[in-house]
Amino acid sequence: MFLALREMRHAKARYMLIMVIMLLVSFLVLFVTGLARGLAYANISAVQNMSANYYVVQGDADQTFRRSQLNEVELQDVRSVVGEQNATPLGIQMSTITAKGTDVKTDVTFFAVDMQGILAPVIAKGEGISNETTGSVVVDRKLEQDGITIGSTIMDQATGMTWSVAGYVQDSSYSHTPVVYLNLSDWQDMKQGMSRGTAADQTASFNVIAMKATQEQVNQISEPTKDVEVITKKQAISSIPGYAAEQNSLMMMIIFLFVITAFVLAVFFYVITIQKTSQFGILKAMGTKMSYLAWSVVGQVMILSVASLCISLLLTFGMNMSLPDSMPFQLDTSTIILTSCLFIGMSLLGSLISVARVAKIDALEAIGRTGA
């Protein structure tokens, strides 16, 4: 490490340029990762934040909430296994709403839940609603940016029903649309008012049964009932329309960024190693161990990687603070640690090419080249 630090101090400009390149690449990796996580969260936050760990859907619904149609019979069957407090119905309907007195028109997803059950929304501002309340809803706070405030009256374009906004919830989106929570009583009125709904839609009470259950209880529900399927939260999230394709594309982009990072750093340090061939040859002739030279190369990469990563983290957090609220961006601690470890790991992997080059240097040949 002494040799690495001495060399970096001697050639400040050269290593400063390499550090700037590493800084830009690491910032790009972190920023794209944050955008990918933000897009994912904006797609699934309503389901991700639910306390339920299993969901019962119709057997032929392909694990998709909106394709599923269940009724009270299935609900009672599930509750007989897990208990009444651990199973609750969930109705889902995507629609377009307008706000009275404004020109606001936005797509939303209605979530019909038991306001005393495990899916009851956590109020961030305003007041909640009960199962007996009529004509009131709780909405995702993102709608505040569209001018929908507490006390505003919103109307569903499909049914013509109107509700007053009683409060806000934080971070509740489904398929990139804000969620509007209403109770099951208003949900039944809404389904009956669907003029273009099929007979099956109007007889079905809800779409999904959310539950807290053990694996043994899940097996009891799945075995005797052939018309339903029990899925995990992870399966439910993966089945949200567009989620898997979106995340696969972004993940491929991030993977390529890591590969490009390793390739760029490997090329830069390999060129520098070639330029220092004679110096490494002299050090070998003086009896310097190969392990010492290898640690010198790896140490330089480690120092530059960690330093550039720390600065890029600060830049990323600063950029996040300046981004508009409408742009989804999320970097939690686990994502930062994983991304940082991968960046450093790919940098060190790229440095192994330089180490291999140093190992092949012949001391006599390098000294002869210097003398010539």
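Procedures and definitions
Residues numbered from 1 in each chain as written. Predicted model: local features only at pLDDT ≥ 70, side-chain atom pairs only at ≥ 80, totals over all residues. Heavy atoms only, no water. Helix = DSSP H or I, 4+ residues; strand = E, 2+ residues; numbered from the N terminus. Rg over C-alpha atoms; globule rule 2.2 N^0.38 Å. Buried < 20%, exposed > 50% of the residue type's maximum accessible area, 1.4 Å probe, protein only. Contact = heavy atoms within 4.5 Å. Areas by Shrake-Rupley, 256 points an atom, 1.4 Å probe, with all protein chains shown as cover. Lys, Arg positive; Asp, Glu negative; His and termini not counted. Charge placed at Lys NZ, Arg CZ, Asp CG, Glu CD. Polar contact = N/O pair within 3.5 Å; in protein donor to acceptor, adjacent residues only side chain to side chain. Phe/Tyr/Trp six-rings, centres within 6.5 Å; stacked < 30°, edge-to-face > 60°. 1 Å grid on protein atoms, 1.4 Å probe; cavity = no way out; pocket = protein on both sides within 12 Å on 5 of 7 lines; lining within 4 Å. Points joined across faces, edges and corners; volume = space filled by probe spheres on them. Nonpolar A, V, L, I, M, F, W, Y, C, P; charged D, E, K, R; others polar. Arc of directions from axis to C-beta. Axes fitted to C-alpha atoms, helices over the stretch in contact; angles between N-to-C directions. Parallel < 35°, antiparallel > 145°, perpendicular 65-115°, else oblique. Left-handed = near helix turned anticlockwise from the far one by under 90°. Patch = residues over 30% accessible without salt bridge, like charges linked within 9 Å, V, L, I, M, F, W, Y side chains within 5 Å. Salt bridge = Lys/Arg side-chain N within 4 Å of Asp/Glu carboxyl O. pLDDT = per-residue confidence, 0-100.

(A) Structural detail: the overall build of the protein chain. Counting secondary structure elements, the protein chain contains 12 helices and 11 strands. Taking 2.2 N^0.38 as the reference for a compact globule, 372 residues should give roughly 21 Å; the C-alpha atoms of the protein chain span a radius of gyration of 29 Å, well beyond that estimate. With respect to the principal axes defined by its C-alpha atoms, the protein chain has extents near 95 × 50 × 30 Å. Looking at the protein chain as a whole, 46% of its 372 residues are labelled buried. Considering only intrachain contacts with a sequence separation of at least 6, the fraction spanning at least 24 residues in the protein chain is 79%. Here the protein chain displays about 18400 Å² of accessible surface, and carbon together with sulfur accounts for 59% of that area. Computing the positive centroid from 25 side-chain charges and the negative centroid from 29, the protein chain places the two 20 Å apart.

(B) Fine view of the side chain of Ser 68. Inspection of the secondary structure assignment puts Ser 68 in the loop between strand E1 (54–58) and helix H3 (72–82). Judged by relative accessible area, Ser 68 falls into the buried class, the value being 0%. Here the side chain of Ser 68 touches Asn 207 through a polar contact of 2.6 Å, landing on its backbone oxygen. Here Ser 68 is in contact with Val 57, Gln 58, Ala 61, Phe 206 and Asn 207, once residues within four sequence places are set aside.

(C) Highlighting the packing of aromatic side chains. Counted under the stated rule, the structure contains six aromatic pairs. Residues Phe 27 and Phe 31 carry aromatic rings whose centres are separated by 5.8 Å and whose planes lie at 20° to one another, so their mutual orientation is stacked. Taken together, the residues span about one helical turn, with Phe 27 and Phe 31 both in helix H2 (residues 12–48) at a distance of four residues. Overall, the relative accessible area of 17% leaves Phe 31 in the buried class.

(D) Spotlight on empty space enclosed by the protein. Enumeration over the complete set of coordinates arrives at one cavity of 30 Å³ or more. Here the largest cavity defines a volume of roughly 30 Å³. Forming the walls of the largest cavity are Tyr 15, Phe 269, Ile 272, Thr 273, Lys 276, Phe 280, Val 297 and Gln 300. Within the residue set of the lining of the largest cavity, elements represented by two or more residues are helix H8 (243–275) and helix H10 (290–322). Per element, the largest residue contribution to the lining of the largest cavity is three residues, and it comes from H8. Its residues assigned to classes, the lining of the largest cavity comprises five nonpolar, two polar and one charged.

(E) Region of interest: helix H9 (residues 277–285). Among all positions of H9, only Thr 277, Phe 280 and Gly 281 are buried. Viewed end-on, H9 has its buried residues packed into an arc of 105°, placing them on one side of the element. At the C-terminal side of H9, Gly 287 shows a positive phi close to 100°.

(F) Structural context of the packing of H9 against helix H11 (residues 333–360). Relative to each other, H9 and H11 sit at 55°, their axes nearing to 9 Å. The angle between H9 and H11 falls in the class oblique. In the crossing of H9 with H11, the sense of the turn from one axis to the other is right-handed. Contacts from Thr 277, Phe 280 and Lys 284 in H9 reach Arg 357, Val 358, Ala 359 and Lys 360 in H11.

(G) Fine view of a nonpolar patch on the surface. A grouping of Met 16, Val 20 and Leu 24 is seen on the molecular surface, where their side chains present a nonpolar patch of about 290 Å² in accessible area. The residue Val 20 is located in helix H2 in this model.

(H) Spotlight on unusual backbone geometry. Residue Ser 175 is not a glycine yet carries a positive backbone phi of 55°. Secondary-structure assignment places Ser 175 in the loop between strand E8 (173–174) and strand E9 (177–182). Given a relative accessible area of 17%, Ser 175 falls into the buried group. At His 176, a position not held by glycine, the phi torsion is positive, near 65°. For His 176, the position within the fold is in the loop between E8 and E9. Judged by relative accessible area, which is 39%, His 176 ranks as partly exposed.

(I) Region of interest: the side chain of Thr 177. Examined against the element boundaries, Thr 177 turns out to sit in strand E9. Overall, the relative accessible area of 8% leaves Thr 177 in the buried class. Reaching out from Thr 177, the side chain makes a polar contact with the side chain of Thr 109 at a distance of 2.6 Å.

(J) Just the confidence of the model for the protein chain, in detail. Across the protein chain, the average pLDDT comes to 84, with 91% of residues at or above 70. When pLDDT is averaged over each element of the protein chain, strand E5 (residues 136–140) comes out on top at 95 and helix H5 (residues 199–203) at the bottom at 48.

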